[in-house]
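# Structural features, examined
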Amino acid sequence: MEKLSIGGYRGDGFTNLDMYDERADVRAPIWDTGLADGTFDWIEAVHVLEHVPFRQVVPALVEIRRLLRPDGSAAVVVPNVAPVMKMWAESPSWPPPPVIFGSQQREGMFHHTAFSPETLLAVANLAGMATVSIEILVLPDRTPKPAKRETVFGDLDPAFLRQTIGFRAGILAHFRNG
């Protein structure tokens, strides 16, 4: 099984793609990887698309689809900005929560795009991705505890990917090439 991790170094068993991480096997933007068509069975992009300029999000998903084998799958996790914006509006703080604008510690750590489940589905549809499931991952408060998972679409249970998410809250989408 050929696996690609985008925007995070996963080590053994994965080809790693990242524009900024020197450990990556491929240093290229997600929307123009230079990799061959149909190379991967599994692609994961965990907390990556929010770092992509909004005009490049659909091309990035088109590239993921191009890289997948015909029966391949992709998992995408992005922050769910709507509840965070509501929380911030109700209790303003400075600096704002990093989920809104990223940590901004270095290039590549800025958030350029915000997602809700509906916008993630819309851009995936524009890219021709077949959606298998969407889950909302919610942390009820700021204390580190396992996320509550509310399935909104489909019934896929990608336990492997859940282990990679840890305590991050957001939207988990599973797509098939199609």
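Presented here is an overview of the structure given in this document. (Residues numbered from 1 in each chain as written. Predicted model: local features only at pLDDT ≥ 70, side-chain atom pairs only at ≥ 80, totals over all residues. Heavy atoms only, no water.)

All right, on to the pattern of salt bridges then. Taken as a whole and assessed by the stated rule, the structure comprises 6 salt bridges. For Glu44, the salt bridge goes to Arg10, with nearest N and O atoms at 2.7 Å. Taken as a pair, Glu44 in strand E3 (residues 40–46) and Arg10 in the loop between strand E1 (3–6) and strand E2 (14–17) lie far apart in primary sequence, 34 residues in all. Residue Glu44 is classed as buried on the basis of its relative accessible area, which comes to 2%. Salt-bridge contacts for Glu63 lead to Arg66; the nearest nitrogen and oxygen are separated by 2.7 Å. You can see Glu63 and its partner Arg66 sitting in helix H1 (residues 57–67), 3 residues apart, about one turn around the helix. Each of Asp37, Glu63 and Arg66 takes part in a single network of salt bridges with overlapping partners. (Salt bridge = Lys/Arg side-chain N within 4 Å of Asp/Glu carboxyl O. Helix = DSSP H or I, 4+ residues; strand = E, 2+ residues; numbered from the N terminus. Buried < 20%, exposed > 50% of the residue type's maximum accessible area, 1.4 Å probe, protein only.)

Evaluated as defined, the whole model comprises 1 aromatic pair. On the basis of an interplanar angle of 85° and a centroid distance of 6.5 Å, the ring pair of Trp88 and Phe101 is categorised as edge-to-face. Placement of the pair is Trp88 in helix H2 (residues 81–90) and Phe101 in helix H3 (residues 98–101), with a sequence separation of 13 residues. For Phe101, a relative accessible area of 37% translates into the label partly exposed. (Phe/Tyr/Trp six-rings, centres within 6.5 Å; stacked < 30°, edge-to-face > 60°.)

A few words on helix H4 (residues 117–126). Looking at H4, one finds that the buried residues are Pro117, Leu120, Val123 and Ala124. The arc that holds the buried residues of H4, viewed along the axis, is 135°, so those residues lie on one side. More than 90 degrees from the buried face of H4, the exposed residues found are Glu118, Asn125 and Leu126. Once H4 ends, the next one or two residues include Gly128, with phi positive near 80°. (Arc of directions from axis to C-beta.)

For His47, which is not a glycine, the phi torsion comes out positive at approximately 55°. Looking at the secondary structure, you find His47 in the loop between E3 and H1. We classify His47 as buried; its relative accessible area is 15%. Positioned with a positive phi, Gln104 is a non-glycine residue whose angle comes to about 60°.

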